[in-house]
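Breakdown of the fold
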Amino acid sequence: MNCGVDLALSAVIAENAIFSGEPQGIMDVPVAPEILVPRLGEQLVKHGELSDKQLQLALNYQKEQAQKGNPILIGQAMMFLGLIDQATLDKTVTEQILQLQDALKSANEELENRVAERTEDLQQALNRLTELNQLKANFIANISHELRTPLTHIKGYTEMMADNSLGPTSEDQDKALAVMDRAILRLESLINDLIKFSDTSKGQITLRLEPVQVGELVDRVVPKMRDLADQKQIQLEVQMPENEQHIHADPENIAWVLMQLLDNGIKFTPQGGLVGLKVTEWKHMVIFSVVDNGEGIAPERVDEIFEVFHQLDGSARRKHGGTGLGLALVKQILQAHETDIRVESRAGVGSVFSFSLPRSDPS
C-alpha cells in the first residue's frame, strides 16, 4: 500500500518547506533526504548530538538565509555552522525514515485488518438480511393463500345472494351487496398482489413471450379501469397509432402492468381530472405512456415509489390506500422483459409513466 507512504512523505515535505516560518514555494526548498524527516533538530537534541542552544542558533541562521532568498534545510544550516558532520546527519535522517516507514506499515496493517473485519460484519449482515427477506416472502405467500380460501367462500355466497339464489333481497340489501362486492374485489386484488410479490421475490417470474396485438391488449385493460375512473368522475382517454401494432411480450403480465399504472393514475388524480393511455411507435419499439394531471411527485422522491411496501404518505391519515407493492412489481415485471419504467413528474402538476417493448411480426 504505497499510497499511504506517498501521502505521508508529501505532508512531511510540506512541513519542512514552511519550517522557517516564511512563505515559500515547495520548489524553493533544496532537495535532500532530510526533507523527508519531520523536526530533525529536535531528534538530534534528543539523541545528544546537539544542544538546545545550538539548535536555536541553526534555526536563526536558516531564517536569515531564507530572508536573503537563499532557503536551506536545517541540517545544511547545522553543517555550515559546524555543529554536526555529514555522517551524523545521514545517520539521524536514515533512522527517522526507517521509523517513519515502520509506523506507516503498522498503520496500513491495522487499517487492512479493520477493513477485513468490517467487510466480514457487512457480509454477515447481508446474509441475515437475505434470510429475513426469504422468511418475509414465505410468510406473505402462506398468509395470502390462507386468505384466498375464505375470500372465495365469501365471494361465492355474495354472488348467490345477489342473483337471488338464496331467496329474494330488498333494495337496501342489494345496495349492501354491491358495496360488499366492491370490497371483495379490492381485497382479492390486494391478495393477488401479495401472491405476485411473493413469487417475484423467489425469482419465479415466468414469462410466456408471444406476439401480442396492442389493440386487443388495450381493449382488455381499459374497460376494467373505466368503471373506476367513472366512480371518481375522472376522464379516461386512449390514444392509439393508426396502424395496428404487435409487441413481443407476456400478455398477462403486461396487461397487469397497464392496469396498475392506470389504477395509480386514477388514484392520485382529483375528481374531474384526466388520465390518459397513449400508445406510440418509434423505430422498432412500441411505447406505452400513462399520463395524469394529478398530485405529481417531487423529483427527489421518484425512486421511493418503487420501494416495496413504501408509501410516500406513510401517515395513519393518508388519503390513498394500497400495500405499496404495485409499482415495485411493475418495475420487476418490466425488468424481466428487459425494459424499465420511466417517470416524469412534477408535484402539483402530474406524472407520466412510460415503458417500451419491441415490435413483433404477428406471423
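Residues numbered from 1 in each chain as written. Predicted model: local features only at pLDDT ≥ 70, side-chain atom pairs only at ≥ 80, totals over all residues. Heavy atoms only, no water.

A few words now on unusual backbone geometry. A negative phi angle is the norm for most residues apart from glycine, just as the trans form is the norm for most peptide bonds. Not every positive phi belongs to a glycine, and Gln 233 is a case in point at roughly 55 degrees. Counting through the fold element by element, Gln 233 comes out in the loop between helix 7 (214-231) and strand 2 (235-239). With a relative accessible area of 54%, Gln 233 lands in the exposed category. (Helix = DSSP H or I, 4+ residues; strand = E, 2+ residues; numbered from the N terminus. Buried < 20%, exposed > 50% of the residue type's maximum accessible area, 1.4 Å probe, protein only.)

This structure, assessed with the given rule, holds 2 aromatic pairs. Measuring from centroid to centroid gives 5.1 Å for Tyr 61 and Phe 80, while their planes differ by 10 degrees, and the two rings are stacked. Of this pair, Tyr 61 sits in helix 3 (residues 52-67) while Phe 80 sits in helix 4 (residues 74-80), and the two are 19 residues apart along the sequence. Accessibility expressed as a relative area gives 16% for Tyr 61, which makes it buried. (Phe/Tyr/Trp six-rings, centres within 6.5 Å; stacked < 30°, edge-to-face > 60°.)

A word on the environment of Val 330. When you line up the elements, Val 330 lands in helix 9 (residues 326-336). The spacing of Val 330 and Val 257 is 73 residues in sequence and 5.5 Å in space, taken between C-alpha atoms. Leaving out residues up to four positions away in the same chain, Val 330 has contacts with Trp 256, Val 257, Gln 260, Leu 261 and Ile 341. (Contact = heavy atoms within 4.5 Å.)

Attention shifts here to the pattern of salt bridges. Under the definition given, this model contains 6 salt bridges. Ionic pairing is found between Arg 301 and Glu 304, a salt bridge with its closest N-O pair at 3.0 Å. A residue is classified by how much of its surface remains accessible, and Arg 301, at 31% relative accessible area, is partly exposed. Given a relative accessible area of 21%, Glu 304 falls into the partly exposed group. (Salt bridge = Lys/Arg side-chain N within 4 Å of Asp/Glu carboxyl O.)

Attention now moves to the pairing of strand 7 (residues 350-358). Within strand 7, 7 of the 9 residues are buried, which leaves the element mostly enclosed by the surrounding structure. Sheet topology places strand 5 (residues 285-292) next to strand 7; 8 bridges connect them, and they run antiparallel. Along strand 7, the bridge assignment pairs Ser 289 with Ser 354. A loop of 3 residues connects strand 6 (residues 342-346) with strand 7, the two strands running antiparallel in sequence, and Gly 348 in this loop sits at a positive phi of about 80 degrees. (Pairing = 2+ DSSP bridges.)

Summarising the element assignment, Gln 235 is placed in strand 2. When its relative accessible area of 46% is taken as the criterion, Gln 235 is described as partly exposed. Residues Gln 235 and Leu 274, spaced 39 residues apart in sequence, show a C-alpha to C-alpha distance of 4.8 Å. The residues contacting Gln 235, other than those within four sequence positions of it, are Gly 273, Leu 274 and Val 275. A polar atom in the side chain of Gln 235 sits 2.8 Å from the side chain of Glu 237. (Polar contact = N/O pair within 3.5 Å; in protein donor to acceptor, adjacent residues only side chain to side chain.)

Confidence in the prediction for the chain averages 82 pLDDT; 84% of positions are at 70 or higher. Segment residues 1-27: pLDDT under 50, and 34 contacts once partners within four positions in sequence are set aside and those in other chains are kept. Long-range and interchain partners of residues 314-318, a stretch whose pLDDT sits below 50, account for 2 contacts in this model, where long-range means more than four residues apart. (pLDDT = per-residue confidence, 0-100.)

With that settled, the discussion passes to the sheet that holds strand 7. Here we have 5 strands laid out as an open sheet, ordered 2-4-5-7-6, and mixed in their pairing. The open sheet terminates on both sides in strands that have one partner only, identified here as strand 2 and strand 6. The mean angle between the axes of side-by-side strands here comes to 15 degrees, regardless of whether they run parallel or antiparallel. The strands touched by helix 7 are strand 2, strand 4 (274-282) and strand 5; relative to strand 2, the strand with the most contacts, the crossing angle is about 170 degrees. Those strands touched by helix 8 (residues 251-267) are strand 2, strand 4, strand 5 and strand 7, and its axis lies near 170 degrees from that of strand 7. (Axes fitted to C-alpha atoms, helices over the stretch in contact; angles between N-to-C directions.)

Together, Tyr 157, Met 160, Met 161 and Leu 166 make up a nonpolar patch on the protein surface, roughly 390 Å² of accessible area in all. Mapped onto the elements, Tyr 157 comes out in helix 5 (residues 86-162). Owing to a relative accessible area of 51%, Tyr 157 belongs among the exposed residues under this scheme. (Patch = residues over 30% accessible without salt bridge, like charges linked within 9 Å, V, L, I, M, F, W, Y side chains within 5 Å. Areas by Shrake-Rupley, 256 points an atom, 1.4 Å probe, with all protein chains shown as cover.)

Turning next to the nonpolar core. Ranked by size, the top nonpolar core spans 43 residues in total, and within it Ile 247, Leu 261, Phe 288 and Phe 355 carry the most contacts. Element by element, the count of residues in this core is highest for helix 8, at 8 residues. Ignoring sequence-local partners within four residues, the contact set of Ile 247 consists of Glu 210, Pro 211, Val 212, Val 214, Leu 217, Val 286, Phe 288, Leu 357, Pro 358, Arg 359 and Ser 360. Formed by 14 residues, the second largest nonpolar core is a distinct cluster that contains Leu 50, Leu 55, Ile 72 and Met 78. (Core = buried A, V, L, I, M, F, W, Y, C linked by side-chain atoms within 4.5 Å.)

The next point concerns helix 8. Given a rise of 1.5 Å per residue, 17 residues ought to cover 24 Å, and the 24 Å separating the end C-alpha atoms of helix 8 matches this to within 8%. Extensive coverage of helix 8 is indicated by the burial of 14 of its 17 residues. (Expected span 1.5 Å × (residues − 1).)

With that out of the way, let us pick up the side chain of Ser 356. Secondary-structure assignment places Ser 356 in strand 7. By relative accessible area, which is 11% here, Ser 356 ends up buried. Aside from chain neighbours lying at most four places away, what touches Ser 356 is Met 285, Val 286, Ile 287, Thr 339 and Arg 342.

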